[in-house]
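Chains, contacts and geometry: an overview
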Amino acid sequence: AHALRALRFLYSLERNRKSFKRVFPPSIFERFIEIGQYERELQKYVPLAASIMTMPAEKRDLIRQSVNEMVDSDADMRVGRYLILG
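Okay, so let's go over this structure.

Calculation criteria
Residues numbered from 1 in each chain as written. Predicted model: local features only at pLDDT ≥ 70, side-chain atom pairs only at ≥ 80, totals over all residues. Heavy atoms only, no water. Helix = DSSP H or I, 4+ residues; strand = E, 2+ residues; numbered from the N terminus. Contact = heavy atoms within 4.5 Å. Areas by Shrake-Rupley, 256 points an atom, 1.4 Å probe, with all protein chains shown as cover. Core = buried A, V, L, I, M, F, W, Y, C linked by side-chain atoms within 4.5 Å. Buried < 20%, exposed > 50% of the residue type's maximum accessible area, 1.4 Å probe, protein only. Axes fitted to C-alpha atoms, helices over the stretch in contact; angles between N-to-C directions. Parallel < 35°, antiparallel > 145°, perpendicular 65-115°, else oblique. Nonpolar A, V, L, I, M, F, W, Y, C, P; charged D, E, K, R; others polar.

Quick look at the overall build of the protein
The number of helices and strands found in the protein is five helices and two strands. Traced from its N-terminal end to its C-terminal end, the protein shows the element sequence α-α-α-α-α-β-β. Taking the intrachain contacts of the protein between residues at least 6 apart in sequence as the baseline, contacts between residues at least 24 apart amount to 56%. Counting every atom, the protein has about 6,500 Å² of accessible surface; 57% of that belongs to carbon and sulfur.

Written out as structure tokens, the structure is:
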């Protein structure tokens, strides 16, 4: 539930939203969105965390793999000392 709360705050940034659609299966993504913006109350995330934990291991592995791909694709790109923004 703590990780989902942190992810929900990251999702609030417009530039991150497309990545989250790739990470979660549609049914989980819908519930993730329904939690709402800036919800600090951990209890709101517990049902979603429980449903993820009861998913088959293969589906959880796909989510984990998608997160890892998102991290890899968002790595800083540099040319010499210069950071390429885009």
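Quick notes on the nonpolar core
Within the largest apolar cluster, 16 residues are counted, with the highest numbers of intra-cluster contacts made by Leu4, Phe20, Phe24, Ile28, Phe32, Leu48 and Ile52. Put simply, the parts of the chain that give this core at least two residues each are helix H1 (2-11), helix H2 (17-23), helix H3 (26-34), helix H4 (46-53) and helix H5 (57-73). For isoleucine 28, the contacting residues outside a window of four places in its chain are Leu48, Ser51, Ile52 and Met55.

Comments concerning the packing of H1 against H3
Contact geometry of H1 with H3 gives a least axis separation of 10 Å together with a crossing angle of 80°. In terms of orientation, H1 and H3 fall into the roughly perpendicular class. Between H1 and H3, the contacting residues are Leu4, Leu7, Arg8 and Tyr11 on the first element and Phe29, Phe32 and Ile33 on the second. When its residues are assigned to classes, the contact of H1 with H3 shows six nonpolar, no polar and one charged.

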